[in-house]
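# Observations on the three-dimensional arrangement
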Amino acid sequence: WILLGLPLLIFIPVLIYIVPFFILMIAVFCCMLNILSLNKRSRETELLWLMTFCVEKNIPLAAEIDRYSQTKKGRYRDRVLRFSSRLQSGESRYEALAENSGLLPQSAIVALNIGEKTNNPGIALRDSAVRATKKLGTSSDKSNFANLILYLTIILSLQFIITGFI
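Residues numbered from 1 in each chain as written. Predicted model: local features only at pLDDT ≥ 70, side-chain atom pairs only at ≥ 80, totals over all residues. Heavy atoms only, no water.

### Here we look at the packing of aromatic side chains
Where two aromatic rings form a pair, the distance of their centres and the angle of their planes describe that pair. One pass over the structure, following the stated rule, counts zero aromatic pairs. Seen from the ring of Tyr76, Arg43 lies directly overhead, with NZ or CZ sitting 4.4 Å from the centre. (Phe/Tyr/Trp six-rings, centres within 6.5 Å; stacked < 30°, edge-to-face > 60°. Lys NZ or Arg CZ within 6 Å of the ring centre and 35° of its normal.)

### Some remarks on helix 2 (residues 61–69)
Residues of helix 2 that are buried include every one of Leu61, Ala62, Ile65, Tyr68 and Ser69, and no others. The arc that holds the buried residues of helix 2, viewed along the axis, is 120°, so those residues lie on one side. (Buried < 20%, exposed > 50% of the residue type's maximum accessible area, 1.4 Å probe, protein only. Helix = DSSP H or I, 4+ residues; strand = E, 2+ residues; numbered from the N terminus. Arc of directions from axis to C-beta.)

### Quick look at a nonpolar patch on the surface
On the surface, a nonpolar cluster with roughly 570 Å² of combined accessible area is contributed by Phe145, Leu148, Ile149, Tyr151, Leu152 and Ile155. With respect to the helices, strands and loops of the structure, Phe145 is situated in helix 6 (residues 121–165). (Patch = residues over 30% accessible without salt bridge, like charges linked within 9 Å, V, L, I, M, F, W, Y side chains within 5 Å. Areas by Shrake-Rupley, 256 points an atom, 1.4 Å probe, with all protein chains shown as cover. Salt bridge = Lys/Arg side-chain N within 4 Å of Asp/Glu carboxyl O.)

### Digging into helix 3 (residues 74–88)
Helix length check: helix 3 (15 residues) gives 21 Å between terminal C-alpha atoms against 21 Å at 1.5 Å per residue, within 8%. The complete set of buried residues in helix 3 reads Tyr76, Val80, Phe83, Ser84 and Leu87. For helix 3, the buried positions fall inside an angular range of 100° around the axis, keeping them on one side. The exposed residues of helix 3 that point more than 90 degrees off its buried face are Arg75 and Gln88. A positive phi of about 105° marks Gly90, the residue just after helix 3. (Expected span 1.5 Å × (residues − 1).)

The structure is reproduced here in structure tokens:
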């Protein structure tokens, strides 16, 4: 019986301490990816609405993008400034965005290209902005579910650790 119970003495601490730890790490990693994805989509939507407003109100887009970039930092700011400099050099909005991928969703860039060719960029941008905003709302609902799963995982892991210690 001692020889049969010896593997259990090794397996139980592994089960009680290490397995919940790995589950917790996986849950935290998934939540961090979800947060980063939401952050990227919210920046895309913000820039899309700024462009929509500028195009509809005939405000110079390059100057507004420059002002917008001053509120940002890091690599995102560099990409926005690159986009602004391309606009100032005379490139079309579509060409400038195509060269700086990641600033807007690909569907919005394609819609802008069609809008420029049909002389209705404002309508195309507004439609894309509305779709991106709706998509962002449904994504945040999913993130609430992911946060609930993270919470439950943390609580269960703590229960296993406390029970194992006792």
